[in-house]
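# Summary of the model geometry
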Amino acid sequence: MTWPSARVAVDEMEAPAPGSWLDLIDAPGLAAGIGPELSRLVGTRISGRLAGGGAPLAGGSAAGPFVAVGQLGVSGGAGPQLLDLMLGAAGAEALIEHLFGSRPAAGATGAGFAPALASLPPGSGSWATLCRFLTSAASRAMAAIGHAVAGAPLLPQRAIAAEVAPGATLIDLELDIDGAVTRLLLVDPSTPALPPPPVQATAPDLPAWRERARARAFALDLPVTLRLADQRMPVAEVAALRAGDIIPLTPPQMLSVLVGGKRFADVPATRFSPEGQDR
């Protein structure tokens, strides 16, 4: 199956066609519900509203390019309907930055893409998480207005350029991601598909992504504990302990280093004794 199944320039978008199953959807309710769902998942302030039939963003800036982030099966019309989700590339970059702190690789470029998306390798965990969060938020918002989502969403393996065909039926939402404005399109893919434009594939900068992931892993704050010794005692003796009592401990041969409550390493106790040469 090839999708998204329709393409078009942003300036040519039109309002949903009369009689479409999308006419049954409470678009303002959907816009109001998707923001809190995304805020809960991403952990930053996100609000949504209707963008107004594909009009340019405030200040005349272009909303595109778009990337495909998922496809849902939604109850609507005479039966289940497909719904494509497309997000502005700049908005996808902003969400990935909020989730993972990932920034564009130096010198990364792509055909119509923002640099950070062009440098994502196929199967990227950052990209997969972004798509899951968006489809999950859309599914919950759709369910809240009475349109259940059936089955697991279809997710792209990497960032794919997406446009909508002229006159396609769609719901055009404007998302405010902590001050950064982007567009989210919910498109009826029943419009006949047009051939996708040729895209110059950009080789992902894998070493740079690994280095960024490594740096973020080492930047995590975790509690570190040094376990000096263990002592087994009957419950009765423990219950009889009073303030000032002394529990004799046998000098240990090894000390346990705990990170986040789990044993990370064992080190010789002599390294921490007064006679130890390496303290």
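The coordinates are above.
Just so it is clear, the model here is predicted, and its values are computed rather than measured.

## A closer look at the nonpolar core
Taken as a class, soluble globular proteins show a tendency for nonpolar side chains to be buried jointly. Counting 40 residues, the largest nonpolar core has Ile34, Leu117 and Trp127 as its most contacted members. Those elements that place two or more of their residues in this core are helix H1 (27–42), strand E2 (66–76), strand E3 (79–88), helix H2 (89–100), helix H4 (125–144), strand E5 (170–177) and strand E6 (180–187). No other element matches the 8 residues that H4 contributes to this core. For Leu117, the contacting residues outside a window of four places in its chain are Val67, Ala89, Ala92, Glu93, Ile96, Trp127 and Ala159. One finds Phe66, Ala68, Val164 and Leu185 within the second-largest nonpolar core, a separate group that totals 9 residues.

## Quick notes on the pattern of salt bridges
A full pass over the atoms with the stated rule returns 6 salt bridges. A salt bridge links Arg183 to Asp172; the shortest N-O distance between them is 2.8 Å. Placement of the pair is Arg183 in strand E6 and Asp172 in strand E5, with a sequence separation of 11 residues. Summarising the burial analysis for this pair, Arg183 and Asp172 share the class buried. In this structure, a network of salt bridges that share partners links the residues Glu37, Arg40 and Arg140.

## With respect to the environment of Leu175
Within the element layout of this structure, Leu175 appears in strand E5. When the C-alpha atoms of Leu175 and Ile46 are compared, they prove to be 6.7 Å apart, with 129 residues separating the residues in sequence. The residues contacting Leu175, other than those within four sequence positions of it, are Ile34, Leu38, Ser47, Gly48, Leu87, Ala180, Val181, Thr182 and Leu184.

## Examining the environment of Asp221
If you trace the backbone, Asp221 turns up in the loop between helix H5 (206–218) and strand E7 (224–227). Along the primary structure Asp221 and Gly260 are separated by 39 residues, whereas in three dimensions their C-alpha atoms are 9.3 Å apart.

## What about a nonpolar patch on the surface?
Where nonpolar side chains cluster on the molecular surface, the patch consists of Val238, Leu241, Ile247 and Leu249 and spans about 310 Å² of accessible area. With respect to the helices and strands, the residue Leu241 is situated in the loop between helix H6 (235–240) and strand E8 (254–259). Taking the relative accessible area as the measure of exposure, Leu241 reaches 32% and is therefore partly exposed.

## Brief notes about H1
Look at H1: 22 Å from first C-alpha to last across 16 residues, which is about the 22 Å you get at 1.5 Å a residue. Restricting attention to buried positions, one finds in H1 the residues Ala27, Leu30, Ala31, Ile34, Gly35, Glu37, Leu38, Ser39 and Val42. Where H1 begins, one side-chain oxygen reaches toward the backbone nitrogen of Gly29, 3.1 Å away; that side chain belongs to Asp26. Directly after H1, the chain includes Gly43, whose backbone phi takes a positive value near 85°.

About the thresholds
Residues numbered from 1 in each chain as written. Predicted model: local features only at pLDDT ≥ 70, side-chain atom pairs only at ≥ 80, totals over all residues. Heavy atoms only, no water. Core = buried A, V, L, I, M, F, W, Y, C linked by side-chain atoms within 4.5 Å. Buried < 20%, exposed > 50% of the residue type's maximum accessible area, 1.4 Å probe, protein only. Helix = DSSP H or I, 4+ residues; strand = E, 2+ residues; numbered from the N terminus. Contact = heavy atoms within 4.5 Å. Salt bridge = Lys/Arg side-chain N within 4 Å of Asp/Glu carboxyl O. Patch = residues over 30% accessible without salt bridge, like charges linked within 9 Å, V, L, I, M, F, W, Y side chains within 5 Å. Areas by Shrake-Rupley, 256 points an atom, 1.4 Å probe, with all protein chains shown as cover. Expected span 1.5 Å × (residues − 1). Polar contact = N/O pair within 3.5 Å; in protein donor to acceptor, adjacent residues only side chain to side chain.

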